[in-house]
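Remarks on the overall topology
So the chains spell out like this:
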Amino acid sequence: MPPRPLLILDLDETLWHGTPDPTHTTAFLWHRDRCSWHRDEHGDLQPRKPARKLRATWIRSRYPRERILAIDDRPQNWASGYGHLVRVTPWTGDPTDDELPRLARYLLSIADTPDLRRVEKRGWRGRVLD
C-alpha cells in the first residue's frame, strides 16, 4: 500500500465562503501570504500556489510528490503543479450542491493509486460511482 496522501484543500470559495477556524490544528495553511503573485493577461496581480513549495523538507519527509493532491477551483493557481490538481467548481452556497460528497467518493476511489499525478483528473465527476 502506498504512503498516505497529502490533500491540499482550497477553502475559500471552493468548499465554503469564509476563513479557516484557527482553533483547529493544521500542519500547513496556505493562505494568501504564502502565495506567489503573478500578473494575469489583464495585468492584474493574482495569487498562485507554486508546487515548488511542496518540496519543503518537512513535507518531503512525510509525503512523496506522487502522493500529493490539491483541490482547487482555479487551475491557474496550480499552473506549475503537474498532476496535483483536482479541479472543482466554486461553491456558491447552493443547498443542492452535491460536489463535495462526490469528490470524497472520487478521492477514496483513487487513494491507493501509487502515483496520483498520473491519474486522469479531468472529468472526474463522470467517474464517480453513485
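The shown structure was predicted, so the numbers you read here are calculated from the model rather than taken from an experiment. (Residues numbered from 1 in each chain as written. Predicted model: local features only at pLDDT ≥ 70, side-chain atom pairs only at ≥ 80, totals over all residues. Heavy atoms only, no water.)

1. A word on the sheet that holds strand β1 (residues 6–9)
- The strand order across the open sheet built from 3 strands is β1-β4-β5, with neighbouring strands paired in parallel fashion. Each of the sheet's edge strands pairs with one partner strand only, and the pair in question is β1 and β5 (85–87). Averaged over neighbouring strand pairs, the angle between their axes works out to 25° when direction is ignored.
- Where strand β4 (residues 68–72) and β5 come together, 3 bridges link them in parallel fashion. (Pairing = 2+ DSSP bridges. Helix = DSSP H or I, 4+ residues; strand = E, 2+ residues; numbered from the N terminus. Axes fitted to C-alpha atoms, helices over the stretch in contact; angles between N-to-C directions.)

2. Side note on the pairing of strand β2 (residues 36–39)
- Direction of pairing for β2 relative to strand β3 (residues 45–48): antiparallel, over a ladder of 4 bridges. Directly across from S36, in β3, lies its bridge partner R48.
- If you look at the hairpin formed by β2 and β3, you'll find 5 residues sitting between the two strands, and G43 has a positive phi there, around 90°.

3. Let's talk about the pattern of salt bridges
- Throughout the structure, instances matching the rule amount to 4 salt bridges.
- E99 is the partner of R125 in a salt bridge, and the nearest nitrogen-oxygen pair spans 2.5 Å. Taken together, the residues R125 in the segment after α2 (99–110) and E99 in helix α2 connect sequence positions 26 residues apart.
- Judged by relative accessible area, R125 falls into the partly exposed class, the value being 29%.
- Judged by its relative accessible area of 10%, E99 is buried.
- Its salt-bridge partner being E120, residue R122 comes within 2.8 Å of it at the nearest N-O pair.
- With relative accessibility at 66%, the residue R122 sits in the exposed group.
- What makes E120 partly exposed here is its relative accessible area of 38%.
- Each of D115, R117 and R118 takes part in a single network of salt bridges with overlapping partners. (Salt bridge = Lys/Arg side-chain N within 4 Å of Asp/Glu carboxyl O. Buried < 20%, exposed > 50% of the residue type's maximum accessible area, 1.4 Å probe, protein only.)

Worth remembering: the numbers are spatial, not functional.
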